[in-house]
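Working through the structure, step by step
Chain residues, written in single-letter form:
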Amino acid sequence: MATIRNRRQVLPGFRFTLGFTVLYLSLIVLIPLAGLVVKTAGLTLPQFWDTVTSARVLASYRVSLLTAFFAALVNVVFGLLVAWVLVRYRFPGKKIVDGLIDLPFALPTAVAGIALTAIYAPNGWIGSLLEPLGIKVAYTPLGISVALVFIGLPFVVRTVQPVLQELEKDTEEAAVLLGAYRWRTFRKVLLPELVPPLLTGFALAFSRGIGEYGSVVFISGNMPMKTEITPLLIITKLEQYEYSQATAIALVLLLISFALLLLINSLQRWTNRRLRSA
Amino acid sequence: MRNLKSIRLLVVVALIVSVLSACGGGKNNEGSASPSGSQGASPSAGGKVPKSVELLNVSYDPTRELYAAFNKSFAEHWKQETGQTVKINQSHGGSGAQSRQVLDGLDADVVTLALAYDIDALADKGLLKSDWQNAFESNSSPYTSTIVFLVRKGNPKGIKDWDDLIKKGVQVITPNPKTSGGARWNYLAAWGYALKQNNGDEAKVKEFMKQLFDNVPVLDTGARGATTTFVERKIGDVLLAWENEAYLAKKEYGDAFEIVTPSLSILAEPPVAVVDKVVDKKGTREVAEAYLKYLYTPEGQEIAAQNFYRPRLQEVADKYKDQFPELNLLTIDADFGGWKVAQAKHFADGGTFDQIYTKGS
Amino acid sequence: MAGAVTTVTELSAEQRPKHLNESRAVRITLITIALLFVGLVVVLPMITVIAQAFRKGWEAYVSAISEPDALSALRLTLLTALIAVPLNTLFGAAAAWAITKFRFRGKNLLITLIDLPFAVSPVISGLVYILLFGAQGLLGPWLIDHGYKIVFATPGIILATMFVTFPFVARELIPLMETQGTQDEEAAVSLGAKGWRIFFKVTLPNIKWGLLYGIILCNARAMGEFGAVSVVSGHIRGETNTLPLHIEILYNEYQYTASFAVASLLMLLAIVTLVVKGLIEGRLVRSRHKE
């Protein structure tokens with residue numbers, strides 16, 4: 001109670017909304033996830049450790065983390081660009097492009113995986129163009145990243161877009177009146193406001209990428225130690241009826257994502273507060 | 001003011017109700033779903049023959065076409081015999097995944113899977129008797145298959161036998177034995193061949209397997225994924241596949257492919273079983289058993305053969321003998337000590353398959 | 001009148017004084033790069049799907065999407081979205097209100113927990129419900145004994161979908177309401193407005209675009225979810241198959257054309273939701289003009 005500052009007295013609905021949030025969160029997310037922990041607890045500590053640090057599992061973390069990181073990075077740069085163009089400029093077909101951004105959510109991941117593999121396989125539209133250049137996309141880590149860029153794009157665009165839309169012209173106007181150059185305006189005035197949604201977008205795209213399965217298995221080739229992603233190893237464990245080992249690996253994956261999200265959320269709130277007090 | 005408060009109260013109540021109904025939605029839906037699911041149960045308790053009955057057959061991936069045809073034939077047969085309408089629902093997927101679903105509560109009356117190991121897993125949890133494999137003739141496997149090679153037209157790499165698969169420059173497509181039941185048969189067939197060639201020297205066999213998998217550029221998770229990689233993406237020179245899958249691919253894609261039968265392969269016995277716990281609950285034992293028995297009749301065997309499964313019944317086998325060339329076949333029980341042993345030795349973590357990828361390379 | 005988001009911004013782009021806009025060259029370059037990127041990442045796969053869908057002509061397409069199994073899959077998909085999306089929307093609005101309008105300890109943790117379903121591999125988000133409600137699960141045996149079936153039936157599919165689409169609305173609203181602060185609402189309070197009135201009259205107009213995006217994303221994902229639903233569905237043809245699962249089945253039956261046809265149907269559904277979004281936006285803009 002003491003932590004709730006005076007604002008609480010001003011605006012209504014705190015208890016109700018927070019109560020509902022926590023209740024719903026618990027029912028849909030936390031209790032089911034607790035099942036994961038309970039199941040993993042069936043392993044002894046050494047068993048758990050052996051499972052999550054075996055050579056193949058470690059190699060798969062590397063593949064999953066690196067490809068997801070790379071894909072999220074691509075999405076932050078190009079996602080911002082796309083959002084910017086969609087919000088600020090006029091060009092023919094803009095509404096269509098705006099609508100297309102959501103497609104990766106609507107298309108089942110397996111379909112996306114099959115379509116992307118068809119495009120980037122050595123006999124595909126783009127794959128056949130890249131082949132003579134010595135660039136292989138399908139069945140390499142690059143292919144995994146391509147799939148994850150597809151999966152993650154809406155996360156970045158749709159988090160940045162509304163904020164960009166709401167950014168009031170006034171801030172910019174003031175900056176220009178003060179004589180700032182365009183690029184400087186962007187860097188000093190707009191970018192700080194865009195950092196929180198960009199960070200969020202990055203974190204979401206990244207953590208979604210780590211866990212993605214459906215689209216990746218088609219394009220990755222699934223070679224052990226090279227292009228085997230961690231979710232595939234979870235499936236492999238299930239296939240051997242090793243439920244607790246599967247949940248153990250899942251738990252590690254979950255903790256990595258959770259730590260990353262927590263870090264970025266904290267960072268973001270910190271920058272936010274600093275901005276507001278400045 | 002009062003108005004607002006009551007609205008707020010109303011919304012709160014509505015929210016709680018909707019949340020509860022979301023969780024309890026199961027109950028309501030279940031209420032409407034279970035009668036249809038257990039149609040067999042309640043009337044049989046009443047002693048009258050129910051007008052219609054539903055069966056769920058949980059099967060593995062390559063049997064889709066087989067059971068689509070077989071279900072139709074059985075439904076007609078059952079209608080004639082008993083006057084009862086039987087509706088057979090089908091579920092297909094990877095053999096292991098399907099077995100797990102049944103383990104976790106999918107109400108399968110019968111399972112028709114790729115390996116006995118996956119049905120053993122159900123027996124371990126008490127869903128059926130541990131001697132289930134004696135319930136029907138021929139190890140409860142009404143049809144068999146084997147592993148053959150699918151190559152591109154004209155067989156440009158001249159692939160004739162397992163030896164040719166480890167040659168430099170030959171690309172082999174097989175799914176991942178860790179995730180695909182079919183791929184386990186592929187692996188064991190290759191292993192069995194190498195074992196024979198090297199007079200039982202396992203070190204040499206492992207070397208052979210390593211060379212073989214060095215030639216594998218893509219490990220799809222399932223048999224159909226591997227077929228797509230080979231056929232649609234045009235990757236690889238040879239696809240290791242079920243005989244029935246190879247024929248089906250050839251049928252679907254015309255003459256772009258040829259089937260090569262190696263000198264030695266493995267006898268794949270996809271077993272069938274009635275899930276005791278489910279049929280006793282639903283009261284569908286009679287029809288479930290009749291369903292599986294029908295697989296052994298000339299009609300059932302004919303349908304199996306038409307879908308490129310090797311029939312057990314001699315008269316049908318004779319009729320289709322051009323389709324199924326004779327070859328030497330290893331068996332899982334005689335040559336590999338049964339599925340439990342084979343699974344532990346080759347496909348469990350740290351088994352011979354894992355060693356290919358974790359040692360050295 | 002398709003996108004009022006675009007309508008609004010078009011206005012602002014027109015009104016934007018010259019000194020606040022980039023030079024023409026820069027604009028064109030940026031637009032070109034953005035379009036190329038979207039083309040490569042999104043449009044190309046989409047064209048592949050459509051091209052495959054019509055490989056055997058219009059008739060094959062129609063028969064693929066009007067097949068009984070496809071229709072029953074469509075029904076189940078719509079039902080699932082119809083339940084999961086509104087619930088998650090209510091949740092998102094409540095969570096965003098609590099998080100952005102008040103200060104309390106553990107807020108970062110709460111936000112992160114809300115994000116969590118994004119981070120959970122789809123494989124796992126299905127598995128957790130199996131671990132809970134399956135025959136070997138924690139609650140499963142009791143529920144099954146009492147005749148309740150959650151997994152391998154519609155409720156399980158809905159739950160898994162709710163889990164996967166859980167954060168969308170909240171995630172969309174939180175950053176937005178964060179940048180807006182609480183001044184407007186506080187002003188309304190000082191003018192004597194109460195609870196829901198503040199939300200509907202002050203907050204909602206400010207967040208409606210974000211809310212709409214959230215709902216659309218949530219809906220698109222609810223209809224398209226494959227991994228999690230695949231784990232809890234049981235894959236019974238005509239009974240527990242959603243559209244994405246039906247697509248997989250067709251694909252595995254070598255019916256590539258039919259499978260891509262059904263996939264294009266899902267894309268169509270996504271486009272329909274976009275049209276609906278456009279209509280709502282058009283309404284909102286008009287009503288605002290009247291005010």
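Residues numbered from 1 in each chain as written. Chains lettered and ligands numbered in written order. Predicted model: local features only at pLDDT ≥ 70, side-chain atom pairs only at ≥ 80, totals over all residues. Heavy atoms only, no water.

Moving on: the overall build of chain A. For chain A, the helix and strand inventory stands at 14 helices and 0 strands. Ordered by position from the N terminus, the helices and strands of chain A form the series α-α-α-α-α-α-α-α-α-α-α-α-α-α. Out of the 278 residues belonging to chain A, those deemed buried represent 62%. Within chain A, contacts between residues separated by at least 24 positions form 73% of all contacts whose residues are at least 6 apart in sequence. Approximately 10800 Å² of chain A is accessible, and the part contributed by carbon and sulfur atoms is 67%. (Helix = DSSP H or I, 4+ residues; strand = E, 2+ residues; numbered from the N terminus. Buried < 20%, exposed > 50% of the residue type's maximum accessible area, 1.4 Å probe, protein only. Contact = heavy atoms within 4.5 Å. Areas by Shrake-Rupley, 256 points an atom, 1.4 Å probe, with all protein chains shown as cover.)

A separate point is the overall build of chain C. Each helix and strand counted, chain C has 14 helices and 0 strands in total. From first element to last, N terminus to C terminus, chain C shows the α and β order α-α-α-α-α-α-α-α-α-α-α-α-α-α. Residue burial in chain C is summarised as follows: out of 291 residues, 64% are buried. Considering only residue pairs separated by 6 or more positions, chain C has 72% of its internal contacts joining residues 24 or more positions apart.

To continue, consider the nonpolar core. Counting residues in hydrophobic clusters, the biggest one holds 300 residues, and the most contacted among them are V111(B), W162(B), M209(B), F213(B), W339(B) and Y129(C). Looking at this core, the element that brings in the most residues is helix α4 (residues 55-88) of chain A, giving 16 residues. Each residue touching M209(B), except ones within four places of it in the same chain, is listed here: Y187(B), A190(B), W191(B) and I356(B). (Core = buried A, V, L, I, M, F, W, Y, C linked by side-chain atoms within 4.5 Å.)

All right, on to the packing of aromatic side chains then. Per the stated rule, a full pass over the model turns up 49 aromatic pairs over all chains. Centre to centre, the rings of Y24(A) and F91(C) are 5.0 Å apart; their planes meet at 25°, and the pair counts as stacked. Of this pair, Y24(A) sits in helix α2 (residues 14-40) while F91(C) sits in helix α4 (residues 68-101), each in a different chain. The buried category is assigned to Y24(A), whose relative accessible area is 1%. A residue is classified by how much of its surface remains accessible, and F91(C), at 0% relative accessible area, is buried. When the ring of Y67(B) is compared with that of F70(B), the centres are 5.9 Å apart and the planes differ by 90°; the resulting orientation is edge-to-face. (Phe/Tyr/Trp six-rings, centres within 6.5 Å; stacked < 30°, edge-to-face > 60°.)

This next bit is on the environment of V85(A). Structurally, the position occupied by V85(A) is in helix α4. Judged by its relative accessible area of 1%, V85(A) is buried. For the pair formed by V85(A) and A118(A), sequence separation is 33 residues and the distance between their alpha carbons is 29 Å. Every residue in contact with V85(A), bar those within four places of it in the chain, is listed here: F91(A), L30(C), I31(C) and A34(C).

Moving on: the pattern of salt bridges. Summed over the entire model, instances satisfying the criterion amount to 31 salt bridges over all chains. Here K237(A) ties to D349(B) by a salt bridge, and the two come within 2.2 Å at their closest N and O atoms. Placement of K237(A) in helix α13 (residues 230-239) and of D349(B) in the loop between α17 (338-347) and α18 (352-358) is noted, with the two residues assigned to different chains. As a salt-bridge pair, D107(B) and K149(C) come within 3.5 Å of each other at their nearest N and O atoms. Pair noted here: D107(B) is in the loop between α4 (95-103) and β3 (110-112) and K149(C) is in the loop between α7 (140-145) and α8 (154-165), and the two residues belong to different chains. K149(C) shares its class with D107(B); the two are buried. One salt-bridge network, held together by shared partners, links R56(A), E228(A), K237(A), K178(B), D349(B) and D354(B). (Salt bridge = Lys/Arg side-chain N within 4 Å of Asp/Glu carboxyl O.)

Taken together, the 35 residues of chain B in the interface contact 31 residues of chain A. Summing the contributions of chain B and of chain A, the shared interface buries around 2800 Å²; its carbon and sulfur component is 60%. Remark: the boundary between chain B and chain A carries 2 salt bridges. Here R56(A) makes a salt bridge to D354(B), at a shortest N to O gap of 2.2 Å. Linking chain B with chain A are 10 residue pairs in polar contact (both at pLDDT 80 or more), by the criterion used here. (Buried area = accessible area lost by both parts, 1.4 Å probe. Polar contact = N/O pair within 3.5 Å; in protein donor to acceptor, adjacent residues only side chain to side chain.)

Between chain C and chain A, the contact holds 109 residues from the first and 108 residues from the second. Roughly 10200 Å² is buried in total at the junction of chain C and chain A, and carbon and sulfur atoms are behind 75% of that figure. When residues of the side of chain C that touches chain A are assigned to their parent elements, the largest contribution, 18 residues, is made by helix α2 (residues 24-53) of chain C. Within the side of chain C that touches chain A, the residues separate by chemical class into 75 nonpolar, 17 polar and 17 charged. (Nonpolar A, V, L, I, M, F, W, Y, C, P; charged D, E, K, R; others polar.)

Moving on, we get to the environment of P154(A). Residues and elements named next belong to chain A. Inspection of the secondary structure assignment puts P154 in helix α9 (residues 141-166). For P154, a relative accessible area of 0% corresponds to the buried category. Here P154 is in contact with I101, P104, F105 and T159, once residues within four sequence places are set aside.

Turning next to the sheet that holds strand β1 (residues 52-60) of chain B. Residue and element names in this part refer to chain B. Spatially, β2-β1-β3-β9 is the arrangement adopted by the 4 strands of the open sheet, whose pairing is mixed. Only two strands of the sheet have a single partner each, and these edge strands are β2 (85-93) and β9 (272-274). Taken pair by pair, the neighbouring strands of this sheet meet at an average axis angle of 20°, ignoring direction. Inspection of the sheet shows β1 paired to β3 by 3 bridges, in the parallel sense. (Pairing = 2+ DSSP bridges. Axes fitted to C-alpha atoms, helices over the stretch in contact; angles between N-to-C directions.)

Residue and element names in this part refer to chain A. By domain assignment, chain A separates into domain 1 (13-42) and domain 2 (45-277). In this structure, domain 1 and domain 2 have C-alpha centres spaced 26 Å apart. Taken together, the two surfaces of domain 1 and domain 2 that pack against each other cover about 590 Å², and 82% of this comes from carbon and sulfur. On the domain 1 side of the contact with domain 2, L36, K39 and T40 bury the most area, a combined 77% of that side's loss. Where domain 1 packs against domain 2, one counts 0 salt bridges. (Domains from an automatic or database assignment.)

Here we come to α4(B). Residue and element names in this part refer to chain B. Here α4 lies mainly inside the structure; 8 of its 9 residues are buried. Within the span of α4, buried status applies to S95, G96, Q98, S99, R100, Q101, V102 and L103. Of the residues flanking the end of α4, it is G105, one or two places downstream, whose phi is positive at about 120°.

All names here are of chain B. Two elements in contact, helix α5 (residues 116-124) and α17, have axes whose closest approach is 9 Å; the angle formed by their N-to-C orientations is 105°. Judged by the angle between their axes, α5 and α17 are roughly perpendicular. When α5 is examined against α17, the residues A116, Y117, D120 and D124 are found in contact with a partner set consisting of W339, K340 and Q343. (Parallel < 35°, antiparallel > 145°, perpendicular 65-115°, else oblique.)

All names here are of chain A. On average, residues of chain A carry a pLDDT of 83, and 88% of them reach 70 or more. Mean pLDDT across the secondary structure elements of chain A bottoms out at helix α1 (residues 7-10), with 54, and peaks at α4, with 92. Per-residue pLDDT stays below 50 along residues 1-8; that stretch engages in 16 contacts with residues further than four places along the chain or on separate chains. (pLDDT = per-residue confidence, 0-100.)

What follows is about α8(C). Residues and elements named next belong to chain C. Its 12 residues place the ends of α8 16 Å apart at the C-alpha level, agreeing with the 16 Å of an ideal helix rising 1.5 Å per residue. Burial of α8 is extensive: 12 of the 12 residues sit out of reach of the surface. Every buried residue of α8 is accounted for by T154, P155, G156, I157, I158, L159, A160, T161, M162, F163, V164 and T165. (Expected span 1.5 Å × (residues − 1).)

Before going further, it helps to spend a moment on the packing of α2(A) against helix α5 (residues 107-119) of chain C. Relative placement of two packed helices is described by the angle separating their axes and the distance separating the axes. As a packed pair, α2(A) and α5(C) sit with axes 10 Å apart at the nearest point and diverge in direction by 45°. When the axes of α2(A) and α5(C) are compared, the pair comes out oblique. For the pair α2(A) and α5(C), the sense of crossing is left-handed. Between α2(A), through L18(A), T21(A), L25(A), V29(A), L30(A) and L33(A), and α5(C), the contact on the second element is made entirely by L110(C), L113(C), I114(C), L116(C) and P117(C). Across the contact of α2(A) with α5(C), the residue classes tally to 10 nonpolar, 1 polar and no charged. (Left-handed = near helix turned anticlockwise from the far one by under 90°.)

All names here are of chain C. With 88% of its residues at a pLDDT of 70 or more, chain C has an overall mean of 82. Model confidence for chain C, summarised as mean pLDDT per element, is weakest for helix α1 (residues 4-15) at 42 and strongest for α8 at 93. The low-confidence segment residues 1-14, where pLDDT is below 50, has 33 contacts with residues more than four positions distant or belonging to other chains. Here the complex is predicted with pTM 0.82, and the ipTM for its interfaces comes to 0.81.

Another point: the pairing of strand β6 (residues 238-242) of chain B. Residue and element names in this part refer to chain B. Counted residue by residue, β6 has 5 buried out of 5 residues, so it is predominantly covered. Inspection of the sheet shows strand β4 (residues 143-152) paired to β6 by 5 bridges, in the antiparallel sense. Bridge pairing links V148 to A241 in β6. In this structure, strand β5 (residues 172-173) lies alongside β6, joined through 2 bridges in parallel fashion. From the neighbouring strand, V172 faces β6, where its bridge partner is V238.

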